[in-house]
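Structural characterization, general
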Amino acid sequence: MENRETPNSSIFGLMAEFETPEELVEASRKARLLGYKKVEAYAPFPVEGLSEALGMRHTWLSLIVLAGGVLGAVVGYGMQVYASVFAYPLNAGGKPHYSWPAFIPITFETTILFAAIFAVLGMFALNGLPQPYHPVFNVESFTQASQDRFFLTIETVDPLFDSHETRAFLESLNPLEVCDVEK
């Protein structure tokens with residue numbers, strides 16, 4: 001199979017609607033086994049095994065949070081060293097200007113603050129948010145995705161996408177409905 005859709009096609013992809021999360025996971029697994037790459041699943045709650053069925057193995061979010069935490073620690077510690085040693089050195093009872101144990105609480109707090117900020121911003125960036133419009137919103141039954149239905153979409157940009165063969169594949173999975181997703 002090869003993609004026979006024209007680039008100017010008004011179709012974003014094909015969407016199948018399922019009643020249970022188990023059907024969605026099984027459909028996702030079969031789509032990946034057949035070789036489809038541009039597959040997306042929508043569910044009203046996290047579904048165990050769905051990310052594995054879709055072939056999602058790694059996220060960069062943990063590294064983004066780590067980078068934020070390390071940056072926060074360096075900024076917090078550096079800010080205190082600069083203020084206490086270079087900018088405003090105070091002689092308080094003969095204590096040294098550079099006293100690293102006194103810097104630990106603020107360093108810890110800036111580490112947590114920066115990691116949390118990077119986690120939120122990284123999550124938004126990796127999820128492509130905010131996204132006020134997506135072609136799947138054009139499907140009337142998709143309003144049930146936030147309540148009690150499960151959807152699987154195969155996009156036309158997938159190299160294996162063929163409107164007739166892909167529709168036949170999705171219909172073979174016994175969904176409630178298979179419909180076109182308009183751009």
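Structure: see above.
About the thresholds
- Residues numbered from 1 in each chain as written.
- Predicted model: local features only at pLDDT ≥ 70, side-chain atom pairs only at ≥ 80, totals over all residues.
- Heavy atoms only, no water.
- Helix = DSSP H or I, 4+ residues; strand = E, 2+ residues; numbered from the N terminus.
- Buried < 20%, exposed > 50% of the residue type's maximum accessible area, 1.4 Å probe, protein only.
- Salt bridge = Lys/Arg side-chain N within 4 Å of Asp/Glu carboxyl O.
- Patch = residues over 30% accessible without salt bridge, like charges linked within 9 Å, V, L, I, M, F, W, Y side chains within 5 Å.
- Areas by Shrake-Rupley, 256 points an atom, 1.4 Å probe, with all protein chains shown as cover.

1. A few points about the environment of Thr20
- Position of Thr20 relative to the elements: it lies in the loop between β1 (11-18) and α1 (21-34).
- On the accessibility criterion, Thr20 (27% relative accessible area) is partly exposed.
- Sequence separation of Thr20 and Asp148 is 128 residues, and the distance between their C-alpha atoms is 8.3 Å.

2. Topic: unusual backbone geometry
- That bond from Leu129 to Pro130 is cis: its omega, -5°, falls within 30 degrees of zero.
- Mapping Pro130 onto the fold places it in the loop between α4 (100-126) and β3 (150-155).
- The backbone of Asn174 shows a phi angle near 60°, a positive value even though the residue is not glycine.
- Mapping Asn174 onto the fold places it in the loop between α5 (163-171) and β4 (177-182).
- According to the relative accessible area criterion, Asn174 is exposed, its value standing at 64%.

3. Here we look at the pattern of salt bridges
- Applying the stated rule across the entire model yields 4 salt bridges.
- Across the pair Arg29 and Glu26 runs a salt bridge whose closest N-O atoms are separated by 3.3 Å. In this pair, Arg29 and Glu26 are both assigned in helix α1, 3 residues apart and thus about one turn of the helix distant.
- Put simply, Arg149 and Asp148 hold a salt bridge, and the shortest N to O gap is 3.9 Å.
- Judged by its relative accessible area of 36%, Asp148 falls in the partly exposed class.

4. Quick look at a nonpolar patch on the surface
- A grouping of Trp60, Leu63, Leu66, Val70, Val74 and Leu126 is seen on the molecular surface, where their side chains present a nonpolar patch of about 610 Å² in accessible area.
- Top element by residues in the nonpolar patch is helix α3 (residues 61-87). It accounts for 4 residues.
- Note on placement: Leu126 falls in helix α4.
- Relative accessible area serves as the criterion here: at 45%, Leu126 is assigned to the partly exposed category.

Function-wise, these values are silent; they only describe arrangement.
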